Amino acid sequence: MKIVKIIDSSHVVIDAGENDGIKRGQQFRITGKEKSDVTDPDTGKSLGELKYIKGHIQANTVYEKNDGLYFNSESAKLP
């Protein structure tokens, strides 16, 4: 799922809804597109990718269809 519209610094719409199993009060983490590879310094083995967390939000209004989900974040502001 992804953010399809940023309304303001604390409200967004995503491309998922109730039919996708989203429930009011459910919390989500917002990650950026930027990633960085994490490598064990001793073995040189890749430990995977680190995604940068931009914030956390909670579903405030959930629509039935997968055409939108309105989030309100009072504790974390979006960039």
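Since we're looking at a predicted model, the values are computed, not measured.

A.B. asks: How would you explain a nonpolar patch on the surface if you had to name every residue and give the values?
C.D. replies: A grouping of Val38, Leu47, Leu50 and Tyr52 is seen on the molecular surface, where their side chains present a nonpolar patch of about 360 Å² in accessible area. Of all the elements, strand 4 (residues 46–62) adds the most residues to the nonpolar patch, at three residues.

A.B. asks: Could you give me a rundown of the environment of Gln58, with the residues and numbers involved?
C.D. replies: Within the secondary structure, Gln58 sits in strand 4. Overall, Gln58 belongs to the partly exposed group, its relative accessible area being 36%. Expressed as a C-alpha distance, the spacing of Gln58 and Lys23, which sit 35 residues apart in the sequence, is 9.7 Å.

A.B. asks: Talk me through the nonpolar core; I want residue IDs and the actual numbers.
C.D. replies: Listed in full, the nine residues of the largest apolar core are Val12, Ile14, Ala16, Ile22, Phe28, Ile30, Ile57, Ala59 and Val62. Of all the elements in the fold, those that place two or more residues in this core are strand 2 (11–14), strand 3 (27–39) and strand 4. Top element by residues in this core is strand 4. It accounts for three residues.

A.B. asks: Which residues make up the side chain of His11, and what values go with them?
C.D. replies: Mapped onto the secondary structure, His11 falls in strand 2. For His11, a relative accessible area of 16% gives the class buried. Polar side-chain contacts of His11 include one of 2.8 Å to the side chain of Asp8.

A.B. asks: With reference to specific residues and values, describe the pattern of salt bridges.
C.D. replies: Under the defined criterion, the tally for this structure stands at two salt bridges. Here Asp15 and Lys2 are joined by a salt bridge, their closest N and O atoms 3.7 Å apart. With Asp15 in the loop between strand 2 and strand 3 and Lys2 in the segment before strand 1 (3–8), the pair connects residues that are 13 residues apart, well separated along the chain. Taking relative accessible area as the criterion, Asp15 reaches 29% and is therefore assigned partly exposed.

Criteria and thresholds
- Residues numbered from 1 in each chain as written.
- Predicted model: local features only at pLDDT ≥ 70, side-chain atom pairs only at ≥ 80, totals over all residues.
- Heavy atoms only, no water.
- Patch = residues over 30% accessible without salt bridge, like charges linked within 9 Å, V, L, I, M, F, W, Y side chains within 5 Å.
- Areas by Shrake-Rupley, 256 points an atom, 1.4 Å probe, with all protein chains shown as cover.
- Salt bridge = Lys/Arg side-chain N within 4 Å of Asp/Glu carboxyl O.
- Helix = DSSP H or I, 4+ residues; strand = E, 2+ residues; numbered from the N terminus.
- Buried < 20%, exposed > 50% of the residue type's maximum accessible area, 1.4 Å probe, protein only.
- Core = buried A, V, L, I, M, F, W, Y, C linked by side-chain atoms within 4.5 Å.
- Polar contact = N/O pair within 3.5 Å; in protein donor to acceptor, adjacent residues only side chain to side chain.

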